[in-house]
Structures are given as C-alpha cells and as structure tokens.
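Structure at a glance
Below, each chain spelled out in residue letters.
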Amino acid sequence: MQEKNSSFHADLRCIECGKVYSIRQVIYRCSDCGGLLEVAHNLQSLRKNSADQWKNIFTERYRGAQEPFNSGVWGKKEWVLPQIEDSDIVTLGEGCSPLIRMKRFSQEIGAGDFRIKQCGISHTGSFKDLGMTVLVSHVKSLIAGGEKIRAVACASTGDTSAALAAYASAAGIPTVVFLPRGKISLAQLVQPLAAGALVISLETDFDGCMRIVKQVTEDTGIYLANSMNPLRIEGQKTISIEICQQLGWSVPDWIVIPGGNLGNVSALGAGFKMLKETGIISRMPRICLAQSANAAPMYKSFLNKFNKYEPVQAQATLASAIQIGDPVSYPRAVRTIREFDGIVEQASEDELANAAALADRTGFFNDPHTGVALACAMKLIKAGTIKKNEQTIVISTAHGLKFAEFKTRYHNKSLSDVNSLHSNTPVEIPGDIDTVRRVLGEKLRPSRGL
Ligand SMILES: *Cc1c(COP(=O)(O)O)cnc(C)c1O
Ligand SMILES: [Zn+2]
C-alpha cells in the first residue's frame, strides 16, 4: 500500500562534493566547495512502492478531483517535495499539459512519430510554472515555520518573473523581479506588473540581472527564485514523468528541448533518472539540447567535448527567453547531456522562425523557443541522427500568444535575418460581396479533398 507522506524524505546535496544540507536551509551553493545543489530523495523509501503501485497512484490522481494532487506537479508530490504540508502548497493547476501528435508536420519534415509536449498552455504561459509552484510552496512553508523572508526575487528573461509573480501573489508573498530593459516581450513585462510585483528594469542583459540578484539574495531575507535554486528543478522534472505516463509508461527515443540557463534540461534528466531508479522504465531517451545560435555557450563547449567552457556575450535573438551567455546550471546540464548520450544543436534566427511557422501551418502556434527546438529536430532528422523509426518529443516551453510581436513581424516580413518562407497577410478589400466573391475565386483552389 501507499506509504504515509511522512516516510518519504529529501535533502539538499552538493552536486560536486556530496555534502548534505537540510531541505529547509536557505542556501543556494555548497558552503564547502561552492558547487550547485540538488534535491536528493531517499530512494529506499520510494522503492517501498513497486513500479506498478506508483503508476497507479499517479494515474489515479491525474486530472482528478483531489486537490492539490490533481496538479501535474503535486500528483507526484512524494517525488518532488515529500515533506511539505499539503496546506502550504500553492497551486494554480499547473502541469497535465497535452502531448500532441504532429502528423502533418511530421510528414512535411520526413519524420516518424513526432510529438510536442505543450508546456506552454500552463497558467502563465510557460513551463516555468512547474518549478515555481514548488519553490513558492516551499517559501510559504519556510515562512510558516518562522523563517524571516521578506520577499522572493529573480532575474528573468520574462517567463520566470511572470511565473514567480503569479505564484507569489497567490500566496501573498512580496516579489521583486529584475528584467533586462527592452529585451522581453510586452506580454511578459505586463504579467509581473499585473501581479503587483516590484519590477526593476535594468540597463543590462539577463546575465547582468543574474549577477545583481545573486548579490541581493546574499541577504537571506530575500529568497532566490532562479533555477540555480534546485527546488525549481524538482517541479520541472515532472515533465519527464508526465511524458512517460502519457505514452502508457513507455520511453521516447529522443527529446529535444530548448535551453538558456540550462535548468530545464537538467530537470528533464532528473525526472528520467528517478523513473529508472524506481523501476518504472528500463531504458533512457537520448536528449538534444537546442540553443539559439546567437546565445550558444553550451553548443560551443559541446563541440570540444565539454573540455573547455567559456561564457559568451549573448547576442539579440528572437528566442529572447534563452538569450543567456553564462548559464548558471551549466555543470548540471553537462552531466545530463553526458548521461543521456545527448547532443547539443543550434538554430539560426532564420531557421527558428521558419520552423515555428511551418509547424504553425499544421495546427500549432509556436513561440520562438519551441521554434529553436523544432529547427534543431529538423536538422537531426535531415542528418539521419534521428531515424525515421524513432519517436521524438519536442518540449514546447511557452505559448505563442506571449510572442504576438514575433508572429506579426514574421508574417509581415519585417524580422531582420529572417526570410519568411511561410508568410501570410490579410487581404484588405472593400466590404462588398462581389469583390469578396472575386477574391475567394482567386485564392481558393477547387476542392481536392484531403
Ligand atoms: C526559461 C525558458 C527556456 C529555457 O529554460 P532554461 O531552464 O533557462 O534552460 C526556454 N524557453 C522558454 C520559453 C523559457 O521561458
Ligand atoms: Zn560541495
């Protein structure tokens, strides 16, 4: 039978030297060696449930009526943050996002079984909600336990701040966000403003904002909400569990995921590792990290087999949420790529915009980051790295509606460095039926069925 929650247990552990800290300690790097931290679960207690028992528990809770376990993240609570009181959980119905088959797109690009995990339909329009529900719930429980926390804070390329502001405002926790001025979409800027966050717009880029927030959060009264904080990873790793669940507990051959600060690719790996360690799956997918060519430090270090890492000065890219030159989670991501026989690929502005648009033509509405992943997947298929008999999942990280400007400019051909191959613009004519009939006659091909 299912164990009581209290028998499951997780600590913080340094990924470099293995030093262990209490999960309730407010700490983001190892005090001995400066390494990044991870949440380490007690696998022995998780293994007291068989693989079939876990599958049943997860299936029973999925999209059910039992709060908060009907959230895609909290349905996996014992694997995520086992010690938290249910009453401290701050959920906005995140997760349980669709895994969508892309039949027509797949035909267009000569792929086999090709699907999108659409994390962009989440509450604030990006996958960042998956991590933020965990982090904000944890902060709520720390405050309830007497920890003096005045605010939560993050540096953001847009989506992190939107998610943090939403969850923190739902919990009544003050929020400070640092944004690179002029480098995020209008929708992304409006989200934290609407939630009442203190929005600080800095004359710098994301990496500059990250340096500031690290310094600000040296004061333990201001809690760091960037994915350097491993609690975020715990929520995000449920993407992997959900994908397997939606495939009837089978494992895809490839996962292609766009990366910037590199927390999410690490989370993806962490999810699959737990699935294997608990016996739910017996093999691993291969992972492709997809970067924008204008901000591709991981791609560059991949080319030299990760022997040398150098931060880059990230250049402007349509995929603005991954315009990051010095990713905080680089060491975590290298570990993941190595463990998953992974590769790193990059896409130019032209490739990412046209890939997103091509997929839009087959029933999607993609943001530019998903465009990066789609473009990289197309390259791998063309090169024969991904084979026709292999199943591929692309992680869509945000909703296209957050990037209306990108879409509009693509279709009216005003994006620099992009040749809009699939542009479509409105036909503007007078409002009379004869003209309308003439235009329909010109534009619509005679019916040829499907
Ligand atoms: C944050 C974000 C990413 C990248 O995730 P990392 O964990 O920073 O690598 C990709 N796409 C979108 C839309 C994002 O908001
Ligand atoms: Zn350490």
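Cut-offs and rules
Residues numbered from 1 in each chain as written. Chains lettered and ligands numbered in written order. Predicted model: local features only at pLDDT ≥ 70, side-chain atom pairs only at ≥ 80, totals over all residues. Heavy atoms only, no water. Donors = N, O, S within 2.8 Å, 3.2 Å for Na, K, Ca; no water. Tetrahedral: all angles 85-135°; square planar, octahedral: opposite > 155°, others 65-115°. Helix = DSSP H or I, 4+ residues; strand = E, 2+ residues; numbered from the N terminus. Near = heavy atom within 4 Å. Polar contact = N/O pair within 3.5 Å; in protein donor to acceptor, adjacent residues only side chain to side chain. Areas by Shrake-Rupley, 256 points an atom, 1.4 Å probe, with all protein chains shown as cover. Contact = heavy atoms within 4.5 Å. Core = buried A, V, L, I, M, F, W, Y, C linked by side-chain atoms within 4.5 Å. Buried < 20%, exposed > 50% of the residue type's maximum accessible area, 1.4 Å probe, protein only. Patch = residues over 30% accessible without salt bridge, like charges linked within 9 Å, V, L, I, M, F, W, Y side chains within 5 Å. Salt bridge = Lys/Arg side-chain N within 4 Å of Asp/Glu carboxyl O. Pairing = 2+ DSSP bridges. Axes fitted to C-alpha atoms, helices over the stretch in contact; angles between N-to-C directions.

Protein ligation of the zinc ion (ligand 2) involves Cys14 (SG), Cys17 (SG), Cys30 (SG) and Cys33 (SG), the donor distances falling in the range 2.3 to 2.4 Å. Around the zinc ion (ligand 2), the 4 donor atoms are arranged such that angles at the metal cover 96 to 120 degrees; this shape is classified as tetrahedral. Coordination of the zinc ion (ligand 2) draws on donor residues from a single chain, spaced C-x2-C-x12-C-x2-C in sequence. In this pair, Cys14 is assigned in strand β1 (residues 10–14) and Cys33 in the loop between β2 (20–21) and β3 (37–41), connecting sequence segments 19 residues apart.

A few words now on the site of ligand 1. As a structural note, the neighbourhood of ligand 1 is formed by 14 residues, with Lys128, Asp159, Gly260, Leu262 and Thr397 the closest of them. The separation between an oxygen atom of ligand 1 and a polar main-chain atom of Leu262 is 2.8 Å. Separating an oxygen atom of ligand 1 from a backbone N or O atom of Asn264 is a distance of 2.8 Å. Against a free-state accessible area of 380 Å², the protein chains account for coverage of 97% of ligand 1.

For the rest of this paragraph, the subject is the environment of Ala267. Along the chain, the position of Ala267 falls in helix α11 (residues 263–277). In contact with Ala267, not counting residues within four places along its chain, are Ile233, Gln236, Lys237 and Ser240.

For the rest of this paragraph, the subject is the nonpolar core. Counting 98 residues, the largest nonpolar core has Trp79, Tyr223, Phe272, Leu275, Met298 and Ile395 as its most contacted members. The dominant element in this core, judged by the number of residues it contributes, is helix α5 (residues 128–144), at 7 residues. Non-local contacts of Ile395, meaning those with residues more than four positions away in its chain, are made with Lys117, Cys119, Ile239, Ile243, Ile255, Val256, Ile257, Pro258, Leu268, Thr370 and Ala373. Listed in part, the 39 residues of the second largest apolar core include Phe105, Ala111, Ile322 and Ile343.

We now examine a nonpolar patch on the surface. Residues Val427, Ile429, Ile433, Val436, Leu440 and Leu444 make up a contiguous nonpolar surface patch of about 510 Å² in total accessible area. For Ile433, the location among the structural elements is in helix α17 (residues 433–443).

Residue Pro68 is bonded to the preceding Glu67 through a cis peptide linkage, with omega at -5 degrees. Structurally, Pro68 is set in the loop between α2 (51–61) and α3 (77–80). Its identity as a non-glycine residue notwithstanding, Cys96 has a phi of 50 degrees, on the positive side. Its location among the elements puts Cys96 in the loop between α3 and β4 (99–101).

Strands sit in the order β4-β5-β13-β10-β11-β12 across an open sheet of 6 strands; the sheet is mixed. Strands at the two margins of the open sheet, each flanked by one partner only, are β4 and β12 (343–347). Taking each pair of neighbouring strands and ignoring which way they run, the sheet shows an average axis angle of 25 degrees. Sheet strands touched by helix α10 (residues 238–246): β4, β5 (114–118), β10 (254–258) and β13 (392–396). Its angle to β5, the strand with the most contacts, is close to 130 degrees.

For the structure shown, the criterion picks out 20 salt bridges. Between Asp253 and Arg283 there is a salt bridge, with its nearest N and O atoms 3.4 Å apart. With a gap of 30 residues between them, Asp253 in the loop between α10 and β10 and Arg283 in the loop between α11 and β11 (286–292) connect regions that are remote in the sequence. Bridged by salt links that share partners, the residues Arg13, Glu38 and Arg335 form one connected network.

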